[in-house]
Amino acid sequence: QVQLVESGGGLVQPGGSLRLSCAASGFTFSNYAMRWYRQAPGKERELVAAITSAGGMTSYADSVKGRFTIFRDNAKNTVYLQMNSLKLEDTAKYYCNVNRGLLVDWGQGTQVTVSS
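Residues numbered from 1 in each chain as written. Predicted model: local features only at pLDDT ≥ 70, side-chain atom pairs only at ≥ 80, totals over all residues. Heavy atoms only, no water.

(A) Seen up close, unusual backbone geometry. Positive phi is not limited to glycine here, since asparagine 77 has a value of about 55°. Counting through the fold element by element, asparagine 77 comes out in the loop between β7 (68-73) and β8 (78-83). The exposure class assigned to asparagine 77 is partly exposed, which follows from its relative accessible area of 27%. Positioned with a positive phi, serine 85 is a non-glycine residue whose angle comes to about 50°. Within the secondary structure layout, serine 85 lies in the loop between β8 and β9 (92-100). Overall, the relative accessible area of 42% leaves serine 85 in the partly exposed class. (Helix = DSSP H or I, 4+ residues; strand = E, 2+ residues; numbered from the N terminus. Buried < 20%, exposed > 50% of the residue type's maximum accessible area, 1.4 Å probe, protein only.)

Okay, structure coming up:
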């Protein structure tokens, strides 16, 4: 059974930093690209960042480029999202995702609130 468990969210002031983690189990983690999405209240879920299976390539939404970094540790079956220079508009619930062809799995999400 696939499990994706996010952690690391919280309340932070504008300009602050957080590191999100997503611990994966139930599949061969090192075989799959991983993604972070976010969803703010009243908005569509959007792709924030993605990383290839070996971690050699990453991509980011324009809104987070230069501020967020996605990376992974295949030995720990964990993918991370380092978020720096956080802005009010980064407030959202952040979800970890894996797409295994016909199977798409999501974590339960972790809330990030940026507020002064």
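(B) Fine view of the sheet that holds strand β1 (residues 3-7). Read from one edge of the open sheet, 4 strands run β1-β3-β8-β7, paired in antiparallel fashion. Two strands bound the open sheet, and with one partner strand each, they are β1 and β7. Averaged over neighbouring strand pairs, the angle between their axes works out to 15° when direction is ignored. The pairing of β1 with strand β3 (residues 18-25) spans 5 bridges and is antiparallel. Following the sheet pairing, serine 7 is matched in β3 by serine 21. (Pairing = 2+ DSSP bridges. Axes fitted to C-alpha atoms, helices over the stretch in contact; angles between N-to-C directions.)

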